[in-house]
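Per-entry structural report
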Amino acid sequence: MIDNLSQAFSMVASWELLLVVLAAGVYGIFIGSIPGLTATLAAALLVPFAFFLDPLPAIASIITMSVMAIFAGDIPSALVRMPGTPASAAYVEDSYRLTQNGRGALALGVGLLASATGGIFGGLVLIFAAPQLAKVALLFTSYEYFWVAILGLTAAVIISRGSQVKGTIALLIGLFVSTIGLDISVGFPRFTFGSSDLLGGINFIPAMIGLFGLSQVLRNVISPPPAALPIRIESKGLLRNAASTLWNYKKTAVGGNVIGSAIGTLPGAGGDIAAWVAYAVTKNGAKEGKNFGSGTGHIQPIVGASSANNAGVGSAYIPTLVFGIPGDTITAILLGVLLVKGVQPGPSLFDSQAPLLYSIFIVFIAANILMIPLGYLAIRGSGMLLRVPNSVLMPIIVAFCVVGSFSINNGLLEVGIMLIFGILGYLLEQAKFPLAPVVLGLVLGPIVEKNFMQSVIKTEWDLTQFLTRPMSAALMILTIIVLLYPVLQKLIGRLLRYRKPL
Amino acid sequence: MTFDPAPEVEESVEKPENSYDLASGVVVVVFGSAILLAVHDYPTLPSGELGPSLFPGIIGGLMILMGVLLLGRWFNDRKTVRPAKAKPEAVHWRGWINASLIIGAVIFYLLVVDFLGFLTTVSIMTVGLIFRLGAKWWVAIAAGVLTTLVVWLIFNKVLLVPLPLGFWG
């Protein structure tokens, strides 16, 4: 371990990496603080760059970017009442009201420190839980991987917000797209319409750029977000006040951290959902809970939810690194990059590439510490960040979408795929279909199919193996629990309300 | 304690989402059927079991099922849910034209980049779009050309992507 760690430190201590991390951090803050541009969009547009970097800087850039973007999403919530990323949506009302009452600096400062500590907490959970889980995962065979992937698919649908029928359809679309190209069992070309370009399947990266980048541009120009002038905030003594406030609510913060890490660990659920759940828990546990989101604004829900969304970012890497099953959309994109770079996530990563893994851990903690100075500057310069006009920004994003997809394979096919997925993403969002399950379907589809086909060919269609192997059975039961989550949630809710009348 | 604190604001006010359910349900059912139709004559495994068609077949089947569920929901809700009120916001012709122009710009790139080259094509795209989206003409030219040059430098010089030169090369 010590050996790996010292090797990891020497890998991390390079100018190239520092530069990449710094640039990715600034980029993440910029995208995160612009309403409507999500951290997933930032990841999709970052991928073409990451594609050309070595594995470690590539991973580091995505980690740093996502950590910063999730925090920066708080900035427009407080200033113009629009969440910068969906992960900040839970507490937008409270932040904005605090700003109106002259306490915006406190709201943002507390958000910054809660995000940083939450991120470090999630990072520590990753560092300690991942190697343990990896030991279990080493015993996995194709049966277990099949179930883990199914668990990811189930979680993606059940835990996503909104209609579950629509979530399932979104997932099926992703799964369908993943079947295009040569099939895995006999090499038969599926849905290629005779085109040899499609034999290798639909490239994941341009699909993501379209789904999250171009579609967002289309949405922004069709219904432009209302122009709102940001309220100026006084940033004097910001960090000191924030630190003492956070200390007063340390229980709430730790609660948020735990909830965030737990939800982030689930395959398919990330920071957005973590923030909503932590908000609800904080609300239910607080004396003034029922006034949250109204009145002059409350700092406590910001502490809870802001601690949770960044903790979720860290623990989302647990299923990604241990099983190769992404924890949320950003890690799904990262997984796509890793596979292209020849890094196969999974338990063997913990053995064969331990130094790389430890470097990832170090980057995680470092990124969250770096967030404090960068975030501080962002809060001070927030007025400027929000003044970049859409008319200039949107065409620039279009240019990056086009070049980014082109550069993956130096081909126009990828640009076409990007365009089609951009239009598809717009239509799906318009009809209230969630986009995240599409990505997870796209990434997990081949894993499900490969492990299923391998298993059944190996045993000549003895399906009982999926149920009778002890670990398979355990994973299946976990899947069923997730499937029953909506029912359980209602039951638990009723039980608790019964016990503790408000 | 309930875990779903988010009665989505838009949803509780009116339910515009329902108006899409009919159309999306039909599309999903048709698409699922098309998949089933396409995979029915795929080859089987040497041992005779389903091979390449199994997975897409399941996807197609589930799509039909989910599409029917969606249609069922639409049918159930169609009376109880108020139809989205005639929206006060006028039809956003401007927005739709801008969106078509963005899609057009990407198609423009696909069609002419091999001939005009990257620098010319992307300059035209970005300058045109920035101007169209409401910036002043000199802002559009400056920002568009600058963006193109920055993108060119990053991708062609730093990342070594062979961006098309067109007739310049």
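The rules behind the values
- Residues numbered from 1 in each chain as written.
- Chains lettered and ligands numbered in written order.
- Predicted model: local features only at pLDDT ≥ 70, side-chain atom pairs only at ≥ 80, totals over all residues.
- Heavy atoms only, no water.
- Helix = DSSP H or I, 4+ residues; strand = E, 2+ residues; numbered from the N terminus.
- Rg over C-alpha atoms; globule rule 2.2 N^0.38 Å.
- Buried < 20%, exposed > 50% of the residue type's maximum accessible area, 1.4 Å probe, protein only.
- Contact = heavy atoms within 4.5 Å.
- Areas by Shrake-Rupley, 256 points an atom, 1.4 Å probe, with all protein chains shown as cover.
- Lys, Arg positive; Asp, Glu negative; His and termini not counted.
- Charge placed at Lys NZ, Arg CZ, Asp CG, Glu CD.
- Phe/Tyr/Trp six-rings, centres within 6.5 Å; stacked < 30°, edge-to-face > 60°.
- Lys NZ or Arg CZ within 6 Å of the ring centre and 35° of its normal.
- Domains from an automatic or database assignment.
- Polar contact = N/O pair within 3.5 Å; in protein donor to acceptor, adjacent residues only side chain to side chain.
- Core = buried A, V, L, I, M, F, W, Y, C linked by side-chain atoms within 4.5 Å.
- Axes fitted to C-alpha atoms, helices over the stretch in contact; angles between N-to-C directions.
- Left-handed = near helix turned anticlockwise from the far one by under 90°.
- Nonpolar A, V, L, I, M, F, W, Y, C, P; charged D, E, K, R; others polar.
- Buried area = accessible area lost by both parts, 1.4 Å probe.
- Salt bridge = Lys/Arg side-chain N within 4 Å of Asp/Glu carboxyl O.

Quick notes on the overall build of chain A
Secondary structure summary: chain A contains 25 helices and two strands in total. Over its C-alpha atoms chain A spans a radius of gyration of 22 Å, differing by no more than 12% from the 23 Å that the globule rule assigns to 502 residues. Its C-alpha atoms give chain A principal-axis dimensions of about 70 × 55 × 50 Å. Burial statistics for chain A: of 502 residues in total, 62% are counted as buried. Pairs at least 24 apart in sequence give 78% of the contacts found in chain A among residues at least 6 apart. Roughly 18,900 Å² of accessible area belongs to chain A as shown, and the carbon and sulfur atoms make up 66% of that amount. A distance of 17 Å separates the average location of the 28 positive side-chain charges in chain A from that of its 19 negative side-chain charges.

Notes on the overall build of chain B
Looking only at helices and strands, chain B features six helices and zero strands. Ordered by position from the N terminus, the helices and strands of chain B form the series α-α-α-α-α-α. Per-residue burial over chain B gives 36% buried out of 169 residues. In chain B, 63% of the contacts between residues at least 6 apart in sequence involve partners at least 24 apart. Carbon and sulfur atoms make up 73% of the accessible area of chain B, which totals about 9,800 Å².

Focus: the packing of aromatic side chains
All names here are of chain A. Taken as a whole and assessed by the stated rule, the structure comprises 22 aromatic pairs over all chains. Ring centres of Phe176 and Phe191 lie 4.8 Å apart, and the angle between their planes is 65 degrees; on these two criteria the pair is classed as edge-to-face. Taken together, the positions of Phe176 in helix α9 (residues 164-178) and Phe191 in the loop between β2 (189-190) and α10 (204-222) put the pair 15 residues apart, joining distant regions of the chain. Note on Phe191: relative accessible area 9%, which makes it buried. We note Lys250 situated over the ring of Trp247; from NZ or CZ to the ring centre the distance is 4.5 Å.

Details of the domain arrangement of chain B
Considered domain by domain, chain B is made up of domain 1 (9-80) and domain 2 (93-168). For domain 1 of chain B and domain 2 of chain B, the distance between their C-alpha centroids amounts to 38 Å.

Side note on the side chain of Thr154 of chain A
All names here are of chain A. Looking at the element boundaries, Thr154 is found in helix α8 (residues 142-158). Polar contacts involving the side chain of Thr154 include one to the main-chain carbonyl oxygen of Ile150, which spans 2.6 Å. When neighbours within four sequence positions are excluded, Thr154 is seen to be in contact with Thr479, Val482 and Leu483.

Quick notes on the nonpolar core
Among the nonpolar cores identified, the biggest contains 177 residues, and Met208, Leu321 and Val398 of chain A together with Tyr109 of chain B are the most heavily contacted of them. Both domains that furnish three or more residues to this core are identified here as domain 1 (9-80) and domain 2 (93-168) of chain B. Sequence-distant contacts of Met208 of chain A, that is, excluding residues within four places in its chain, are made with Ala44, Gly213, Ile333, Val439 and Leu442 of chain A.

Focus on the packing of helix α4 (residues 55-72) of chain A against helix α18 (residues 354-380) of chain A
Residues and elements named next belong to chain A. Interaxial distance between α4 and α18 falls to 9 Å at its minimum, and their mutual angle equals 40 degrees. As α4 runs across α18, the sense of the crossing is right-handed. For the pair α4 and α18, contact is made by Leu56, Ile59, Ala60, Ile63, Thr64, Val67, Met68 and Phe71 and by Leu356, Ser359, Ile360, Val363, Phe364, Ala367, Asn368, Leu370, Met371, Leu374, Gly375 and Ile379, respectively. Its residues placed into classes, the contact of α4 with α18 shows 16 nonpolar, four polar and no charged.

Considerations on the interface of chain B and chain A
At the junction of the two partners, chain B supplies 69 residues and chain A supplies 71 residues. When chain B packs against chain A, the two sides together hide about 5,900 Å² of surface, and 82% of this comes from carbon and sulfur. Taken together, the links from chain B to chain A amount to one salt bridge. Linking Asp21 of chain B and Lys166 of chain A is a salt bridge whose minimum nitrogen-to-oxygen distance equals 2.8 Å. At the level of secondary structure, the elements contributing two or more residues to the side of chain B that touches chain A comprise α2 (18-39), α3 (54-80), α4 (93-116), α5 (118-132) and α6 (137-158) of chain B. Counting residues per element, the side of chain B that touches chain A draws most heavily on α4 of chain B, at 12 residues. When the residues that make up the side of chain B that touches chain A are grouped by side-chain class, the tally is 51 nonpolar, 10 polar and eight charged.

Let's talk about the environment of Gly61 of chain B
All names here are of chain B. Among the secondary structure elements, Gly61 is positioned in helix α3. Using a relative accessible area of 31% as the deciding quantity, one classes Gly61 as partly exposed. In this structure, the C-alpha to C-alpha distance between Gly61 and Val106, residues 45 residues apart in sequence, is 34 Å.

Examining unusual backbone geometry
Residues and elements named next belong to chain A. Even without glycine at this site, Asn410 takes up a positive phi of about 50 degrees. Summarising the element assignment, Asn410 is placed in the loop between α20 (390-409) and α21 (412-430). With a relative accessible area of 39%, Asn410 lands in the partly exposed category. Even without being a glycine, Lys432 presents a positive backbone phi close to 65 degrees. As for its placement among the helices and strands, Lys432 is situated in the loop between α21 and α22 (436-458). Here Lys432 falls in the partly exposed class, since its relative accessible area comes to 35%.

Let's talk about the side chain of Arg190 of chain A
Secondary-structure assignment places Arg190 of chain A in strand β2. Engagement of the side chain of Arg190 of chain A in a polar contact is seen with the backbone oxygen of Pro52 of chain B, the distance being 2.6 Å. Ignoring anything within four residues of it in the chain, the contact list for Arg190 of chain A reads Thr179, Ile180, Gly181, Asp183 and Glu449 of chain A together with Tyr42, Pro52 and Pro56 of chain B.

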